[in-house]
Amino acid sequence: MSAAGAAGPRRSRGGATYLLGLILVGVIVAAGLISFAWTPYALSDMAGSRLEPPSPAHWAGTDRLGRDLFTQLMIGARIALVVGCGAVAIGGAIGMVTGILAAFATRFADDALAAVFDILIAFPTLLIAMLVVAAREEASLGTAILALGIGLSPIVGRITRILTKQVLGQDYITAARVSGTSWGAIVIFHILPNIVPFLGVNLALQFGLAVMAEASLSYLGLGAPPPNASWGRMLQEAQSTVYTAPWGAVFPGLALFALVIGINLLADGLRDRLGRSGRDAG
């Protein structure tokens, strides 16, 4: 089979992967955005029967207090999106700044920062987040976002450092310096445009990691406190009734699975497109 013939099925599979990820993430994003304006019931409404199975009145059933689970799922989608975007923004900003500084630093400082990145990456993101939450002595949505952002920053910093060093080794950077271009302008007009597309793939993966970590924090009681309806908290509250009312754990578990898998599929599709663009350019 020719190279062009082999590339066809790969491109088709990559497109299908990207489309599936887009659908999964799109449904979760739509639910989260709609929850700002409308939910089937108020979050504190306990008008339903306890542990009622899915029905036309309660699409995902009710919990042990009689609250509508579909409403909680929509609020949980909102929280997952806010936490994911916030953590990626904080981790991306810290990581990109420290990574670029490491690439421009002296050999000793560069090696020291690289060692710090490696040491912090060796610790699980969830463990770092738990330490930050414990240090602030309070569990809140803002604390969870800050903690997860700090936990993600070493990964972003390490990748930014590597990508920046690759760009700095290119001939056009030397030409820009010879022409008198400042280092600040080189960072803005040459380095960032070249590393951001590839860094975006990693940030998408970090988004999924942040969502999983937030659910874990909420499950442990270190995430968003009540009355926030985090998917992790829903799983924690449903564990005592998982055999008698499994829908309380199944639906938030499926929502979490769909968002994380969708993000990973989008990242894979984006990576394939970037790799294909690089081969075409070559």
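(A) Structural view of helix α3 (residues 107-122). Between its first and last C-alpha, α3 extends 23 Å over 16 residues, near the 22 Å set by a 1.5 Å rise per residue. Here α3 has its buried residues at D110, A114 and F117. Buried residues of α3 fall within an arc of 55 degrees about the axis and therefore sit on the same side. Along α3, the residues that are exposed and aim more than 90 degrees away from the buried face are F108, I119 and A122.

(B) Expanded view of the nonpolar core. Formed by 35 residues in total, the largest nonpolar core has its most connected members in V211, W231 and L259. Those elements that provide at least two residues to this core are α1 (3-35), α2 (69-104), α5 (141-168), α6 (171-178), α7 (183-219), α8 (231-238) and α9 (247-281). Here the element with the most residues in this core is α7; it accounts for nine residues. Apart from residues lying up to four places away in sequence, L259 is in contact with V25, I28, A80, V211 and W231.

(C) Here's a closer look at α7. Compared with an ideal rise of 1.5 Å per residue, which puts 37 residues at 54 Å, α7 spans 46 Å between its outermost C-alpha atoms and falls more than 12% short. In the structure, α7 departs most strongly from a straight axis at L192, where the bend amounts to approximately 45 degrees and where the proline P193 lies between one and four residues downstream. Directly beyond the C-terminal end of α7, a positive phi value near 85 degrees is found at G221.

(D) Focus on the packing of aromatic side chains. In total, this model carries two aromatic pairs according to the counting rule given. Considering the side-chain rings of W59 and F70, the 5.0 Å spacing of their centres and the 70 degrees angle between planes classify their relative orientation as edge-to-face. Of this pair, W59 sits in the loop between α1 and α2 while F70 is found in helix α2, placing the two residues 11 residues apart along the sequence. Assessed through its relative accessible area of 51%, W59 is described here as exposed. The class for F70 is partly exposed, based on a relative accessible area of 26%. Measuring from centroid to centroid gives 5.1 Å for F104 and W183, while their planes differ by 80 degrees, and the two rings are edge-to-face. Taken together, the residues span a long stretch of sequence, with F104 in helix α2 and W183 in helix α7 at a distance of 79 residues. The ring of F36 is capped by R78, whose NZ or CZ atom sits 4.6 Å from the centre of that ring.

(E) How the structure looks around unusual backbone geometry. A positive phi angle is found at L51, which is not glycine, with a value near 55 degrees. Here L51 shows up in the loop between α1 and α2.

(F) Geometry of the pattern of salt bridges. A complete count under the given rule lists six salt bridges for this structure. Note that E237 and R67 form a salt bridge whose closest N and O atoms lie 3.3 Å from each other. Here the residue E237 occupies a position in helix α8, and R67 occupies one in the loop between α1 and α2, the gap between them amounting to 170 residues. On the accessibility criterion, R67 (18% relative accessible area) is buried. For the salt bridge of D110 with R161, the shortest nitrogen-to-oxygen distance reads 2.6 Å. Taken together, the positions of D110 in helix α3 and R161 in helix α5 put the pair 51 residues apart, joining distant regions of the chain. A relative accessible area of 16% places R161 in the buried class.

Parameters at a glance
- Residues numbered from 1 in each chain as written.
- Predicted model: local features only at pLDDT ≥ 70, side-chain atom pairs only at ≥ 80, totals over all residues.
- Heavy atoms only, no water.
- Helix = DSSP H or I, 4+ residues; strand = E, 2+ residues; numbered from the N terminus.
- Expected span 1.5 Å × (residues − 1).
- Buried < 20%, exposed > 50% of the residue type's maximum accessible area, 1.4 Å probe, protein only.
- Arc of directions from axis to C-beta.
- Core = buried A, V, L, I, M, F, W, Y, C linked by side-chain atoms within 4.5 Å.
- Contact = heavy atoms within 4.5 Å.
- Bend = angle between axes of the 7 residues up to and from the residue.
- Phe/Tyr/Trp six-rings, centres within 6.5 Å; stacked < 30°, edge-to-face > 60°.
- Lys NZ or Arg CZ within 6 Å of the ring centre and 35° of its normal.
- Salt bridge = Lys/Arg side-chain N within 4 Å of Asp/Glu carboxyl O.

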